[in-house]
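Coordinates in review
The residues making up each chain are set out below.
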Amino acid sequence: MIRVAVRVEGVVQGVGFRPFVYQAATARGLAGWVCNRRDGLGLEAEGPEDAVRDFVAALSRDRPPAARIERIAVTRVRPAGDQCFRILPSVPDAVVRPTLPADLATCDACAEETVSPGARRYRYPFTNCTRCGPRYTLIESLPYDRPRTTMKQFTLCPACEAEYADPADRRFHAQPIACPACGPTLRLVTADGAAKSCSEPLGGATQALLAGQVVAVKGLGGFQLFVDATHADAVSRLRARKRRPEKPFAVMFADLPAIAAACALAPDEAAALASPAAPIVLLRRRIDAAIAECIAPRNPWLGVMLPTTPLHRLILEEVRRPLVCTSGNLAEEPLCIAEEEARGRLAAIADLFLVHDRPIVRPVDDSVVRVGAAGLQVLRRARGFAPIPLSLPGPVPCVLGLGAQLKSTVALAVSREVVVSQHLGDLHAAAGALLLERTVADLVRLFDAQPARVACDLHPDYVSSRFAERLAASWGVPLERVQHHHAHVAACMAEHGLARPALGLAWDGAGLGTDGTLWGGEALLVDRARFRRIAHLRPFRLPGGERALREPRRAALGLLHVLLGDDAAPHVRELAPADAVVLLGMLAHGVNSPVTTAMGRLFDAVAALAGVRAAAGFEGQAAMELEFAADGVDDVPPYPLPLGLGTPALVDWAPLVRAVLEDRARGVPSGMISARFHAALVDLAEVVALRVGLPDIVLAGGCFQNLRLTRAIHARLSARGFTVYLPTRYPPNDGAIALGQVMVAAWRAEEGRDVSRNPG
Ligand code: ZN
Ligand code: ZN
Ligand code: FE
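Structure report, in brief. This is a predicted model, so every value here is computed, not measured.

Moving on, we come to the coordination of the zinc ion (ligand 2). Ligation of the zinc ion (ligand 2) by protein atoms is provided by Cys157 (SG), Cys160 (SG), Cys179 (SG) and Cys182 (SG), these donors lying 2.2 to 2.3 Å from the ion. Because the angles between the 4 donor atoms bound to the zinc ion (ligand 2) fall within 103 to 117°, the donor set is best described as tetrahedral. Spacing between the donor residues of the zinc ion (ligand 2) along the chain follows C-x2-C-x18-C-x2-C. Residue Cys179 is classed as buried on the basis of its relative accessible area of 2%.

Quick look at the structure:
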């Protein structure tokens, strides 16, 4: 007989770990106990040596799907002669700094139960257990117990109470459990709040969807808008009402076979779809997919997802066709979570509202992932991923990072972990700014944190930067301004635990640099709190500043003006002569024409010059379509894109732009121009990496959402012997800026010197 004491750290609370341990121990005839601890889970197990060893191996091997084990420590202790295995109450200090669980999609057992006639929860939309269901979206405060969740208003019935108290049941201490007798109920209402009396709520919603209507559904983390994905008119109506003319919609399918019929589906993509996080996964759409073309116009990819809750499953089962599923908001505003707010703000979009009486504490959008150049890559990190923390090698000061301006998130370092909030969206609108403030208050309160530093972007006009200034002043703590692309690279280094200096290729949209220009085509040598600008694109001007984001032709004119002066205009397509005069005037005098080195704008310019797109419906559209244009065009000669001498070295795009104009004049197809442009960037990455000579290369910034570019650079640099690091759990885009800011501020604190005035 032996006895072991085991400590398990990671995401092990709120995911069904204690019932799992109990069952694993009792199945092997072991005695002992398990309980929640301050940093995770503690247990002791006693029995025959073989059984104990097998049990310890099973802890990580057979763990519940949503559990994440960071550390597991096993020590031999003296046998105590226990007679049974028990689940002990949490020790009083058990929950000082617990990990906050993410929301989990319906598990197989619960899914089975809701489709089994005669089961207690047959067709019950709010079925869940220790292995699935809402978590982050219903937790009001910690420790995580039902009275501190929005389930507190529903008193457990005797049958649910018995499940909750039975250690052998998968609903043992499952905080959000409910059943038709005691839990939340559905209602179908119109925008004015009147109940739709025609039929039961689910049936009524189904009929409306089949008739081509838009139904707003109160989901897990907020309202979602549903419409029949096979009904082109219905989808167009949703686009018009939502004022979203072209940005792709995601589609929810009933099951994996339905997805495989519409898209190419690899095993790792299927695994991501069916995982507890159940994100939207970007897949290659089949040409004959039976969905409306206007769901993702001119886009070979389709964002697909499986039902995330029993409510979604029931809807999909009834309509028997894929449904467009998009955030319940107007344009780029935050997600609606309260019924009254949704009925008000979505009144002109949705025909009906399928609602329920379980409040949502905070808006959490659907996450978006893709199988990228090096495995799974998160592009929008929200439901199922947030707020799972990132473990750091050691403790850091408590730092709050406020992020950037678009694809905003907030990050908070607590002890040796960083929690990054869910994707909050754009901060331009008042609602976005309010959500940012609420999220900061929420995280600080949940973790009982007292930030010692506040970090923000160098850009003084970002809503997040101004809020950071106010917070730092009111808390009386230092404000750390972190250069945008330094933050991009730092986030990726932190994610991979990369401590030694690395070369970061930060290819991005614009972010303010230390010289006051808009950077974004940068090669940075990053050594934790410090960085050195090794190379960047030759600067050019963007006539009209921000407006250039929606008008790639403006970036093209900015480039050509450097080469051709006033003769630039005729080479830019879809540019009205009157506009050309105004824009050339701006460029000539440097008025309202910020100087940039952003790679994202070079993509825009090439897209416009290649005839792919002169004006964009959403940020990044031109660059995306340029990428897609090159599909199937491989092994092409790269355009010349020479790297100059000195530090920082200039990447001169002039020969490339001239070659694009020549190709264009000779009628070379845009796909070929795009492929040669991509090939030039791959060569550039290699030339920079070889010149710097560091073994570790980090690729970060919005341009690395481009899979063609990312794959090719990853392959080339790996073949040359470099180790290439890509963002995986955090997005390559500005969703990771808050994390990078926190890391840089923490490193500065660690080094104990002020390097905020980086010479660049
Ligand atoms: Zn379940
Ligand atoms: Zn019940
Ligand atoms: Fe960025």
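Okay, the sheet that holds strand β21 (residues 453–457) next. One open sheet holds the 6 strands; their spatial order is β17-β20-β19-β18-β21-β22, and the pairing between them is mixed. Strands with a single pairing partner mark the edges of an open sheet, and in this sheet they are β17 (390–391) and β22 (479–482). As judged from the 2 bridges shared by β17 and strand β20 (residues 417–420), these two strands associate in the antiparallel manner. Residue pairing across strands places Ser391 opposite Glu417, the latter belonging to β20. Where helix α12 (residues 463–475) meets the sheet, it contacts β18 (399–401), β21 and β22, and its direction lies at approximately 165° from that of β21.

What follows concerns the pairing of strand β24 (residues 518–527). Of all 10 residues in β24, 8 are buried, a share of seventy percent or more. Pairing between strand β23 (residues 502–512) and β24: 8 bridges, direction antiparallel. Pairing of Leu512 across the sheet is with Leu518, part of β24. Two successive antiparallel strands, β23 and β24, enclose a turn made up of 5 residues, where Gly516 displays a positive phi of approximately 85°.

To continue, consider the packing of helix α11 (residues 430–446) against α12. The N-to-C vectors of α11 and α12 enclose an angle of 40°; their axes lie 10 Å apart at closest approach. Viewed along their axes, α11 and α12 adopt a mutual orientation that is oblique. For the element pair α11 and α12, the recorded crossing hand is right-handed. Contacts between α11 and α12 involve Ala433, Leu436, Glu437, Val440 and Val444 on the former and, on the latter, Val463, Ser464, Phe467, Arg470, Leu471 and Trp475.

Once that is clear, we can look at the sheet that holds strand β3 (residues 40–47). Pairing is mixed in the open sheet, where 5 strands are placed in the order β4-β1-β3-β2-β5. With one partner strand each, in any of the chains shown, β4 (68–77) and β5 (85–87) form the two edges of the open sheet. Geometrically, the sheet is characterised by an average inter-axis angle of 15° between neighbouring strands, direction not taken into account. Of the pairings in the sheet, the one linking strand β1 (residues 2–11) to β4 comprises 9 bridges and is antiparallel in character. Each residue of the ladder has a partner; that of Glu9, found in β4, is Arg71. On top of the sheet, helix α1 (residues 17–27) reaches β1, β2 (31–37), β3, β4 and β5; it is set at about 175° to β5, its chief contact. Packing of helix α2 (residues 49–61) onto the sheet brings it into contact with β1, β3 and β4, and relative to β3 it is tilted by some 160°.

Rules of the game
Residues numbered from 1 in each chain as written. Chains lettered and ligands numbered in written order. Predicted model: local features only at pLDDT ≥ 70, side-chain atom pairs only at ≥ 80, totals over all residues. Heavy atoms only, no water. Donors = N, O, S within 2.8 Å, 3.2 Å for Na, K, Ca; no water. Tetrahedral: all angles 85-135°; square planar, octahedral: opposite > 155°, others 65-115°. Buried < 20%, exposed > 50% of the residue type's maximum accessible area, 1.4 Å probe, protein only. Pairing = 2+ DSSP bridges. Helix = DSSP H or I, 4+ residues; strand = E, 2+ residues; numbered from the N terminus. Contact = heavy atoms within 4.5 Å. Axes fitted to C-alpha atoms, helices over the stretch in contact; angles between N-to-C directions. Parallel < 35°, antiparallel > 145°, perpendicular 65-115°, else oblique. Left-handed = near helix turned anticlockwise from the far one by under 90°.

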